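Okay, here's what each chain looks like letter by letter:
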Amino acid sequence: CTFLFYHKQWYQRRVRAMTSTEKKGVDGEEIDNFNAIQDPNTLAALQEKLGQMTIKKPDSDELDLPPAVRKRVNAIKNIQLQTTKIEADFFKQVHKLEIEYAQRYAPLYQRRAAIVSGEVEPSATECIMPGEDQDNEKSDSEKQENDNDSITGIPGFWLTIFKNTEILAEMTQPHDEPILEALRDINVSFPENSMGFVLEFHFAANDFFEDNVLTKTYHMKSEPDDFDPVAFDGPEIIGSTGCSINWKKGKNVTQKIVKKKQRMKGKGQTRIIQKTIKEDSFFNFFSPPSMPEDEESVDEELEALLTTDFEIGQYIRER
C-alpha cells in the first residue's frame, strides 16, 4: 500500500513537472513533452493510468508459499484487518462529532434562513463585514432609504446558487427555476443510529406541489471486509432514498406528454395517442435509481447514475 501511494505521488509530481518546468527547456524533447501534456488524449491516458494503479490481487500460483512464510503473511493480514477496524471506528467517532457540531451550526443556519426569507432584518452589526470601508457602508445606508420597501429578504437566493454551481446547474432546467424561486433553505441532518445523512429542502407555498419539505436520505456504511481489509477506504454510500412529491394537477415538471400518430390495424387509419414520458428536471433527484441486491448486475448506465447521485448528495452535504 505504501509503495502504491508513493508511486502515485511520484506520478502526479511528474505530470505537474511536465506541465511547468519542462516548458522552460531549450532542447526539442522537453518542449515536446510540454506540448504532449497539453493534448486532451494524452491527459485522458494519464488519468486512466492513475486510475489503474490499484493493488494487484496475486494469482493462486503466487500464493504457493512455504508453510512458515504463509503463516507470517496471514499474521500480517490479521494486523491489517485490526488496523482497518480501528480506522472504521475512527470514522464512527467522526460521525458523532458531525452530529454534535450540526447542533451548534443549527442556530446560525436558522438565522440565515430567516434573513433570506425576509422574516427578519439583520442587525446593523451583522451587516458590517470585517475590514469593510466605512464610507461605503454610509453610502449603502443612504441608498437603502430609497430602496423599494416591497422587496423582502434576498429574492432568488437559492436559485442563484443553483445556477452558479456547476454540478447543480447541469441538473437545473428552465422549467425548474420558478419552483426553485420558492426554495427557502437546505438542511443536513444526521441520524444517530446510522452513518447516513438526510438532505432537507424547505419550500414556501408554491403553485407546483403541496409539500413544504422534500427529503433525500443517503445510507452509508463504515465496515471493513474481513476477507479484503486492504480494500477499505472509509465510509461509503451504499444507497439513497428519495421522497414522493405531491404535484398539483398539471404541474409535474418531471413528466411531459407527447402526442404520437398510431396506425390502426386493419383499418388503414391513424389516430393520435398521448404518452407520458420522463422529462429532465432537478426534481428527478428525489427519485433516485435503486441499488440492486446483486452488485454484479449493475450495468454501466446504472453505475453512472448511482455515481452521479452519490456525488451530488455528498457535494450538497459538504457545503
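Residues numbered from 1 in each chain as written. Predicted model: local features only at pLDDT ≥ 70, side-chain atom pairs only at ≥ 80, totals over all residues. Heavy atoms only, no water.

*Asks:* It is not clear to me how the overall build of the protein should be interpreted in this structure. Could you clarify?
*Replies:* A tally of regular secondary structure across the protein gives 9 helices and 6 strands. When burial is assessed residue by residue, the protein has 25% of its 319 residues classed as buried. Residue pairs at least 24 apart in sequence account for 55% of intrachain contacts in the protein once pairs closer than 6 positions are excluded. Split by element, the accessible area of the protein, about 22900 Å² in all, is 50% carbon and sulfur. (Helix = DSSP H or I, 4+ residues; strand = E, 2+ residues; numbered from the N terminus. Buried < 20%, exposed > 50% of the residue type's maximum accessible area, 1.4 Å probe, protein only. Contact = heavy atoms within 4.5 Å. Areas by Shrake-Rupley, 256 points an atom, 1.4 Å probe, with all protein chains shown as cover.)

*Asks:* Looking at this structure, how should I read the packing of aromatic side chains?
*Replies:* What characterises a pair of aromatic rings is the spacing of the ring centres plus the angle enclosed by the ring planes. Taken as a whole and judged by the stated rule, the model has 20 aromatic pairs. Between Phe162 and Phe282, the ring centres sit 5.0 Å apart and the planes meet at 85 degrees, which makes this aromatic pair edge-to-face. In this pair, Phe162 is assigned in helix 6 (residues 157–163) and Phe282 in the loop between strand 6 (269–278) and helix 9 (300–318), connecting sequence segments 120 residues apart. Of the two residues, Phe162 and Phe282, both sit in the buried class. Residue classification places Phe282 among the buried positions, given a relative accessible area of 0%. (Phe/Tyr/Trp six-rings, centres within 6.5 Å; stacked < 30°, edge-to-face > 60°.)

*Asks:* Where do I start with the nonpolar core in this structure?
*Replies:* Here is a general trend for soluble globular proteins: nonpolar side chains tend to be buried in one another's company. Residues Phe201, Phe283 and Phe285 are the most contacted members of the largest nonpolar core, which totals 36 residues. Breaking this core down by element, the ones donating at least two residues are helix 6, helix 8 (177–180), strand 1 (183–189), strand 2 (197–203), strand 3 (213–221) and helix 9. Top element by residues in this core is helix 9. It accounts for 5 residues. If we skip the residues at most four places from it in the chain, Phe283 touches Asp176, Ile179, Leu180, Phe203, Phe209, Leu214, Ile245, Trp247, Val253 and Thr254. (Core = buried A, V, L, I, M, F, W, Y, C linked by side-chain atoms within 4.5 Å.)

*Asks:* Help me out: how do you make sense of helix 9 in this one?
*Replies:* A turn of α-helix holds 3.6 residues, and therefore any two residues three or four places apart point the same way. Counted at 1.5 Å a residue, the expected span for helix 9 with its 19 residues is 27 Å, and the 27 Å between its end C-alpha atoms agrees. Where helix 9 is buried, its residues contact helix 4 (67–117), helix 7 (166–169), strand 1, strand 2, strand 3 and strand 4 (236–241). (Expected span 1.5 Å × (residues − 1).)

*Asks:* Looking at this model, I keep getting lost on the side chain of Ser222. Mind explaining?
*Replies:* You can see Ser222 is positioned in the loop between strand 3 and strand 4. When near neighbours in sequence (up to four residues on either side) are disregarded, Ser222 contacts Ala88, Phe91, Lys92, Met195, Phe232 and Pro235.

*Asks:* Explain the confidence of the model for the protein here, please?
*Replies:* For residues with low pLDDT, the predicted coordinates do not support detailed interpretation. Here the protein averages 78 in pLDDT, and 72% of its residues register 70 or above. pLDDT under 50 marks residues 1–38. Its contacts with residues more than four places away, or in other chains, come to 35 contacts. (pLDDT = per-residue confidence, 0-100.)

*Asks:* For this particular structure, what's the right way to read the pattern of salt bridges?
*Replies:* Pairing between side chains of opposite charge can happen when their charged atoms approach one another. The tally for this structure, following the rule as stated, stands at 7 salt bridges. The partner of Arg111 in a salt bridge is Glu126, with the nearest N and O atoms 2.7 Å apart. Residue Arg111 is located in helix 4, and its partner Glu126 is located in the loop between helix 4 and helix 5 (134–145); the two are separated by 15 residues in the primary sequence. Residue Arg111 is classed as partly exposed on the basis of its relative accessible area of 33%. For Glu126, a relative accessible area of 40% gives the class partly exposed. A salt bridge links Asp185 to Arg112, with the nearest nitrogen and oxygen atoms 3.2 Å apart. Placement of Asp185 in strand 1 and of Arg112 in helix 4 is noted, with a sequence separation of 73 residues between them. (Salt bridge = Lys/Arg side-chain N within 4 Å of Asp/Glu carboxyl O.)

*Asks:* Honestly, the environment of Lys260 in this entry has me stumped. Any pointers?
*Replies:* Following the sequence through the fold, Lys260 ends up in strand 5 (residues 255–264). Owing to a relative accessible area of 45%, Lys260 belongs among the partly exposed residues under this scheme. Expressed as a C-alpha distance, the spacing of Lys260 and Ile272, which sit 12 residues apart in the sequence, is 5.6 Å.

*Asks:* Even after reading the chapter, I still don't get a nonpolar patch on the surface, so can you show me in this structure?
*Replies:* Together, Leu97, Tyr101, Tyr105, Leu108 and Tyr109 make up a nonpolar patch on the protein surface, roughly 510 Å² of accessible area in all. By relative accessible area, Tyr105 is classed as partly exposed at 42%. (Patch = residues over 30% accessible without salt bridge, like charges linked within 9 Å, V, L, I, M, F, W, Y side chains within 5 Å.)

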